[in-house]
Amino acid sequence: MKIYFTEKNVSSDLEAIEVAGSVLVQEGRVMPEFITACTDREKIYPTGLGLPSGQAVAMPHGESSFVKEDSISIVRTQTPVVFKRMEEPDQTVKCQLIFNLALATGGKHITVLRKLMGLFQDEMFIQNCMQYDNISLIKYVCEQLEEG
């Protein structure tokens, strides 16, 4: 699985998803329709997740039929962006880390989602994702997803 990282100033959840998806389209990992599938899904099934540390992340994803090769596009925003909460869509969280999942099979999707949910509970994982540079962050997330 390939992981990509972008740091960018965005003003909304949908813009963050578009930035994340655009990287995957440019790299040939997904079809252009993937971005629309992610933004449409986010409006109905929000992916903002509040963490025990008080921080928050979002995990937007779209239909596997638009995925050519498994990948994750991570966007770290310069300022927090409001996402609706996964578990309580009428509430919001402010996210600076967006993990856009592009996974071709349901089994892989569940496995990666479960692994990420575990990593998100680790405050050190979140801190590292907020501080590492591009190359270090990609390597770190790859290593963490491969462990266990």
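In what follows, the accompanying structure is described. (Residues numbered from 1 in each chain as written. Predicted model: local features only at pLDDT ≥ 70, side-chain atom pairs only at ≥ 80, totals over all residues. Heavy atoms only, no water.)

This next bit is on the overall build of the protein. Looking only at helices and strands, the protein features 5 helices and 5 strands. Its helices and strands in sequence order give the protein the pattern β-α-α-β-β-β-β-α-α-α, from N to C terminus. Relative to the globule expectation of 15 Å for 148 residues, the C-alpha radius of gyration of the protein, 14 Å, shows essentially globular dimensions. Counting only C-alpha atoms and orienting by the principal axes, one finds that the protein spans roughly 35 × 35 × 30 Å. Within the protein, contacts between residues at least 6 apart in sequence are counted, and of these 69% link residues at least 24 apart. Accessible surface, the protein: about 7400 Å² in total, of which carbon and sulfur atoms supply 48%. Looking at charge distribution, the protein has the averaged site of its 14 positive side-chain charges lying 1 Å from that of its 20 negative ones. (Helix = DSSP H or I, 4+ residues; strand = E, 2+ residues; numbered from the N terminus. Rg over C-alpha atoms; globule rule 2.2 N^0.38 Å. Contact = heavy atoms within 4.5 Å. Areas by Shrake-Rupley, 256 points an atom, 1.4 Å probe, with all protein chains shown as cover. Lys, Arg positive; Asp, Glu negative; His and termini not counted. Charge placed at Lys NZ, Arg CZ, Asp CG, Glu CD.)

So, on to helix α2 (residues 33–44). Between its first and last C-alpha, α2 extends 17 Å over 12 residues, near the 16 Å set by a 1.5 Å rise per residue. Taken residue by residue, α2 has F34, I35, A37, C38, T39 and E42 as its buried positions. (Expected span 1.5 Å × (residues − 1). Buried < 20%, exposed > 50% of the residue type's maximum accessible area, 1.4 Å probe, protein only.)

What follows covers the sheet that holds strand β4 (residues 71–84). Strand order in this open sheet of 5 strands is β1-β4-β5-β3-β2, and the pairing throughout is mixed. Sheet topology places β1 (2–8) and β2 (48–50) at the edges, where each strand pairs with a single neighbour. Pairs of neighbouring strands in the sheet enclose a mean axial angle of 25 degrees, with direction left out of account. With 3 bridges connecting them, β2 and strand β3 (residues 56–58) associate as antiparallel partners. Residue pairing across strands places L49 opposite V57, the latter belonging to β3. On the sheet, α2 packs against β2, β4 and β5 (92–102) and is oriented at approximately 145 degrees with respect to β5. Together, β1 and β4 form the strand contacts of helix α5 (residues 134–146), whose direction differs from that of β1 by roughly 140 degrees. (Pairing = 2+ DSSP bridges. Axes fitted to C-alpha atoms, helices over the stretch in contact; angles between N-to-C directions.)

Take it as geometry only, folks, not as evidence of what the structure does.
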